[in-house]
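# Breakdown of the fold
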Amino acid sequence: MQDPSSATPTHSTRGAAALAQKSSSELALFNTDLAIDRTLMAADRSLMAWVRTALSMISFGFTIYKILEGIREQGAALTASHVPRDMGLFLTGLGTVAMLMGVLEYWYRIKKLREVKNLHTFQPSFVMALIMAVTGLGTFMGISFRVL
């Protein structure tokens, strides 16, 4: 049987040994980089939560608009002829505002993180949120002018 102390060190023990050889300022820098990375990932997750919520509102608003518009066109009596448009506008507008709020919050977080570490401004989640904001705005405008 082999002596456990003579066994090949595992990845975690090698990593711990490498960290133990660093000076306190190097360790502080390493920990700061990890903290920035965690904060960036948290900002990405928050932005994706905004995107999911906003996309749900936009798609639900568009669906309500189309369903109520179809019911109205079949001759069913609605309380007012502008109800489908108003419901669609409200939900798509709310979703678009939520998307823009998420984008602005993310932009603020990235701006603060860029003071400490050089980060790319256009992270993939940010680009996707911008595309969704433009799509929501287009849907809002389409319902407003009865294009859709």
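Residues numbered from 1 in each chain as written. Predicted model: local features only at pLDDT ≥ 70, side-chain atom pairs only at ≥ 80, totals over all residues. Heavy atoms only, no water.

### Details of the pattern of salt bridges
For side chains bearing opposite charge, pairing can occur when the charged atoms are close. Applying the stated rule across the entire model yields one salt bridge. Between K117 and D37 there is a salt bridge; the shortest N-O distance is 3.0 Å. Separated by 80 residues along the polypeptide, K117 in the loop between α3 (83-114) and α4 (124-144) and D37 in helix α2 (residues 24-73) bring together distant segments of the chain. Overall, the relative accessible area of 25% leaves K117 in the partly exposed class. (Salt bridge = Lys/Arg side-chain N within 4 Å of Asp/Glu carboxyl O. Helix = DSSP H or I, 4+ residues; strand = E, 2+ residues; numbered from the N terminus. Buried < 20%, exposed > 50% of the residue type's maximum accessible area, 1.4 Å probe, protein only.)

### Regarding α4
Taking 1.5 Å per residue, 21 residues should reach 30 Å; α4 reaches 30 Å between its end C-alpha atoms and fits that length. When we look at burial in α4, the residues that qualify are S125, F126, A129, M132, A133, G136, T139, G142, I143 and S144. After α4 finishes, the residue R146 shows a positive phi value of roughly 55 degrees. (Expected span 1.5 Å × (residues − 1).)

### Section: the confidence of the model for the protein
Interpretation of the predicted coordinates at a detailed level should be avoided for regions scoring low in pLDDT. In the predicted model, the protein carries a mean pLDDT of 80, and the fraction of residues at 70 or more is 81%. Across the protein, element-level confidence peaks in α3 with a mean pLDDT of 88 and bottoms out in helix α1 (residues 11-20) with 64. (pLDDT = per-residue confidence, 0-100.)

### Details of a nonpolar patch on the surface
On the surface, a cluster of nonpolar side chains totalling about 440 Å² of accessible area is made up of F122, V127, M128, L130 and I131. As for its position among the elements, V127 is in helix α4. On the basis of relative accessibility, which here comes to 34%, the residue V127 falls in the partly exposed class. (Patch = residues over 30% accessible without salt bridge, like charges linked within 9 Å, V, L, I, M, F, W, Y side chains within 5 Å. Areas by Shrake-Rupley, 256 points an atom, 1.4 Å probe, with all protein chains shown as cover.)

### A closer look at the side chain of S144
Here S144 shows up in helix α4. There is a polar contact of 2.9 Å between the side chain of S144 and the backbone oxygen of F140. (Polar contact = N/O pair within 3.5 Å; in protein donor to acceptor, adjacent residues only side chain to side chain.)

### Notes on the nonpolar core
Across soluble globular proteins, you tend to see nonpolar side chains buried next to one another. L40, L47, V51, M99, Y106 and A129 are the most contacted members of the largest nonpolar core, which totals 18 residues. The set of elements that each furnish at least two residues to this core consists of α2, α3 and α4. When residues in this core are grouped by element, the largest group, seven residues, is from α2. For M99, the residues in contact, after removing those within four places along its chain, are V51, A54, L55, A129, M132 and A133. (Core = buried A, V, L, I, M, F, W, Y, C linked by side-chain atoms within 4.5 Å. Contact = heavy atoms within 4.5 Å.)

### A few points about the side chain of Q123
Looking at the secondary structure, you find Q123 in the loop between α3 and α4. Aside from chain neighbours lying at most four places away, what touches Q123 is L40 and Y106.

### Here we look at the environment of H82
Within the secondary structure, H82 is located in the loop between α2 and α3. On the accessibility criterion, H82 (39% relative accessible area) is partly exposed. For the pair H82 and E69, spaced 13 residues apart in the sequence, the C-alpha separation amounts to 9.2 Å.

### A word on the environment of I71
Residue placement: I71 occurs in helix α2. Since its relative accessible area comes to 33%, I71 is described here as partly exposed. The spatial distance from the C-alpha of I71 to the C-alpha of P84 is 9.3 Å, given a sequence separation of 13 residues.

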